[in-house]
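Here's the letter readout for the chains.
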Amino acid sequence: LLGLRLINNRDEAVPLGSVADVGQRRGMATIVRRNQMRVITVTADVDTRIINSREANRVIEEWIPEFSEDYPGHRFNLAGENEDTQRSLEAMRLAAMLALLTIYVILAVIFNTFLQPLIVMSVIPFGIIGVLGGLVFMNEPLGLMAIMGAIALSGIVVNNSVVFVHFINRRRADAAGSGAADVHRGHIRWHSIIHSGRVRFRPILLTTATTIGGLFGLAFLTRGQEEFLAPMAQAIIFGLIFASMITMVLIPCLYAVIDDLNNLTARRRDKGVSGNR
């Protein structure tokens, strides 16, 4: 290269070494671009005995501001497992919204009302509280599998509530058919709620126990490759336990509150009609 002949401004052939300083340094074998920007990819494997990927990303994020000050025009993009996790969380958020909407629509069609599905679905937030409490008790992080278990739990905990509300409606309908509802409306309302709670207590307890029994081995006794499924089963178990206990108290109370609001609205509407007359 130093002996390479170049033509100068006087049309003379001169060696490259006489007009330039040539040195050696390392260069890039390939140039990779993403979104029309030059990128350099740095990969590493995480030793899970020392640190997990989430903690490693947190440490790297602490370095980014200092790096950006020293090298303006450069920026970090945490990809790999972190990028996959964020994409999965967005997909799960959409799946959770679709699941709740689907449950509400199905319940609204079954009960032929827009308020009673809200009573049934009111146990879902308490199930989520049970999930969080169970993960804290087991010292487990809120990972993807636990979130998947929480989404699946929203379709499980409503089963007992659906049957509970259906029993109350059927009991009130039977009382209305007997002609006693017009005379003792409040008595019939509370009798139907208390009777349904007494009748449904044992089935709710049994269905909860059998579901927990079926998931117990997966949640607490798994070893090897199946161990990553344990947080999902644990989330379902703890959420189901807490939601089932709340169901026996929450559903009757909300049912009575909604019924009182409906009666109050009906009385005001009747008074308005009477006043217009």
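Calculation notes
- Residues numbered from 1 in each chain as written.
- Predicted model: local features only at pLDDT ≥ 70, side-chain atom pairs only at ≥ 80, totals over all residues.
- Heavy atoms only, no water.
- pLDDT = per-residue confidence, 0-100.
- Helix = DSSP H or I, 4+ residues; strand = E, 2+ residues; numbered from the N terminus.
- Buried < 20%, exposed > 50% of the residue type's maximum accessible area, 1.4 Å probe, protein only.
- Salt bridge = Lys/Arg side-chain N within 4 Å of Asp/Glu carboxyl O.

## Quick word on the confidence of the model for the protein
Averaged over the protein, the pLDDT score is 84; the fraction of residues at 70 or greater is 93%. By mean pLDDT, the top-scoring element of the protein is helix α4 (residues 123–138) (92), and the lowest-scoring one is helix α6 (residues 158–177) (83).

## Let's talk about unusual backbone geometry
The backbone of Asp 11 shows a phi angle near 60 degrees, a positive value even though the residue is not glycine. The residue Asp 11 is located in the loop between β1 (5–7) and β2 (13–15) in this model. Asp 11 sits in the exposed class, given a relative accessible area of 66%. The backbone phi angle of Asn 35 is positive, close to 55 degrees, even though this residue is not glycine.

## Focus on the pattern of salt bridges
Per the counting criterion, the structure on display carries four salt bridges. A salt bridge links Glu 55 to Arg 58, with the nearest nitrogen and oxygen atoms 3.0 Å apart. Taken together, the positions of Glu 55 and Arg 58, both in helix α1 (residues 53–70) and three residues apart, correspond to about one turn of that helix. Residue Glu 55 is classed as partly exposed on the basis of its relative accessible area of 31%. The exposure class of Arg 58 is partly exposed, given its relative accessible area of 41%. The salt bridge partner of Asp 259 is Arg 172, with a shortest N-O separation of 3.2 Å. On the criterion of sequence distance, the pair formed by Asp 259 in helix α8 (residues 230–276) and Arg 172 in helix α6 is long-range, its members being 87 residues apart. Judged by relative accessible area, which is 11%, Asp 259 ranks as buried. A single network of salt bridges, built from pairs that share partners, joins Glu 55, Arg 58 and Glu 62.

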